[in-house]
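The lines below spell out each chain.
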Amino acid sequence: MKESILNILNELIRRYPSLAGQRENIIGVYKVLEQTYSNGGKLLVAGNGGSAADSEHIVGELMKAFIKPRKPEVSLQDKLKSVDKKLGEVLADNLQGALPAIAVTGHVGLSTAYLNDCSPLLAFAQQVNGFGNVGDVFLGISTSGNSENILYALVTARAKSMKTVGLSGRDGGRMKEFCDEIIIVPEKETFKIQELHLPVYHALCLMLEERFF
């Protein structure tokens, strides 16, 4: 990894020394995400409650500029203007580079239809089944590591030959069985686990932005 990417990780651990024991796991998750994006894949993310909000937060950091400008490539700017000069100029000036990511916590019409017609615990799994392809990655967020809807989604991702990564706390729960890489922050209470998840995923998003932009 580039020194500038490692510097982001080093700063994270300086600010949150309790995460030092997760250094290699953070690198492991980063490498899975880097490989996925290098190969043209996308990220699917899910969690419950505060972790659902974290899922949306992660997508927001990846799908638009975080701290770096992400101007579209000149070739895309030219194509936009070739379609319509006036509209294309606005688009060329305002669109930003994106790392494809979808929070499967949303899509209320689909989710409510599926949980009403089929099974409430499989709504995430259904979206992983629909959106996920070989080479994509699913990130499950569960403070306990035992959220059933996350476990079903992880199993579905594995069956579809996707990569699987996790963010958890406590002992990592059952998620450990189904994740290629997992970050288990050293806290036991839910809110304290979530308080450490945020700087971890911010660092991952910064590392990916440094790599691709």
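Just above, that's the structure.
Quantities reported herein were computed from a predicted structural model and do not represent experimental measurements. Residue numbers run consecutively from 1 along every chain, following the written order of its sequence. Totals for whole chains, interfaces and linings use all residues, but because this is a predicted model, local features are given only for residues with pLDDT of at least 70 and pairs of side-chain atoms are given and counted only at 80 or more. Note: side-chain values were computed over all heavy atoms of the structure, leaving out hydrogens and water.

Chemist: Break down the overall build of the protein chain for me, citing the residues and quoting the values.
Modeler: Helix and strand definitions here come from DSSP, where helices need a minimum of 4 consecutive H or I residues and strands a minimum of 2 consecutive E residues; each element is numbered from the N-terminal end. Scanning the protein chain for helices and strands turns up 10 helices and five strands. Rg of the C-alpha trace for the protein chain: 18 Å, near the compact-globule value of 17 Å for 213 residues, within the 12% margin. For the C-alpha atoms alone, the extent of the protein chain along its principal axes is close to 55 × 50 × 30 Å. Among the 213 residues that make up the protein chain, the fraction classed as buried is 47%. Working definition of accessibility: Shrake-Rupley area with a 1.4 Å probe, residue cover restricted to the visible protein chains. With an accessible surface of roughly 10400 Å², the protein chain has 54% of that area assigned to carbon and sulfur atoms. Charged-residue counts in this description rest on Lys and Arg as positive and Asp and Glu as negative, His and the chain ends being excluded. Charge positions come from single atoms, namely NZ of Lys, CZ of Arg, CG of Asp or CD of Glu. For the protein chain, the centre of its 23 positive side-chain charges and the centre of its 24 negative side-chain charges are spaced 3 Å apart. Restricting the calculation to C-alpha atoms gives the radius of gyration, and the globule rule supplies 2.2 Å times the number of residues raised to the power 0.38. Three exposure classes are used, based on accessible area relative to the maximum for each residue type with a 1.4 Å probe and protein chains only: buried under 20%, partly exposed in between, and exposed over 50%.

Chemist: Describe the pairing of strand β4 (residues 163-168), and please don't skip the residues or the numbers.
Modeler: Most of β4 sits out of view: five of its six residues are buried. Any two strands are treated as partners once DSSP identifies two or more bridges connecting them. Relative to β4, strand β3 (residues 137-141) is paired through five bridges, and the arrangement is parallel. Considered in β4, the bridge of F138 is made with T164. The pairing of β4 with strand β5 (residues 181-184) spans four bridges and is parallel. Across the sheet, the residue bridging to S168 is I184, located in β5.

Chemist: Explain the nonpolar core to me, and be specific about the residues and the numbers.
Modeler: Definition of nonpolar core: a set of buried residues of the types Ala, Val, Leu, Ile, Met, Phe, Trp, Tyr and Cys, connected through side-chain atoms within 4.5 Å. Judged by nonpolar contacts, the single largest core of 37 residues is most densely connected at L43, I58, L62, I183 and V200. At the level of secondary structure, the elements contributing two or more residues to this core comprise α1 (3-15), α2 (23-38), β1 (43-46), α3 (50-63), β2 (101-103), β3, β4 and α10 (190-212). If you tally residues by element for this core, the top one is α10, at nine residues. Residue contacts follow a heavy-atom distance rule, with two residues in contact if any of their heavy atoms lie within 4.5 Å. With residues near it in sequence (within four places) discarded, I183 still touches Q22, N25, I26, V29, G166, L167, S168, V200 and L204. L44, V104, L151 and I182 belong to the second largest nonpolar core, which has 17 residues in total.

Chemist: Which residues make up unusual backbone geometry, and what values do they have?
Modeler: Even without being a glycine, S161 presents a positive backbone phi close to 60 degrees. If you trace the backbone, S161 turns up in the loop between α8 (148-159) and β4. Under the relative-accessibility criterion, S161 is labelled partly exposed at 47%. One non-glycine residue, R170, lies in the positive phi region at around 55 degrees. Assignment of secondary structure puts R170 in the loop between β4 and α9 (175-178).

Chemist: Before we move on, can you summarise the packing of aromatic side chains with the specific residues and values?
Modeler: Any two of the Phe, Tyr and Trp rings considered here, Trp counted by its six-membered ring, make a pair once their centres fall within 6.5 Å; the pair's planes then place it as stacked at under 30 degrees, edge-to-face at over 60, or tilted in between. For the structure shown, the criterion picks out one aromatic pair. Relative to F212, the ring of Y37 has its centre 6.1 Å away and its plane inclined at 80 degrees; by these criteria the two rings are edge-to-face. One end of the pair, Y37, is in helix α2; the other, F212, is in helix α10, with 175 residues separating them in the sequence. Y37 sits in the buried class, given a relative accessible area of 8%. Directly above the aromatic system of F212 lies the positively charged group of R211, at a separation of 4.4 Å from the ring centroid. For a lysine, the NZ atom is tested; for an arginine, the CZ atom; a charge sits over a ring if that atom is within 6 Å of the ring centre and within 35 degrees of the ring normal.

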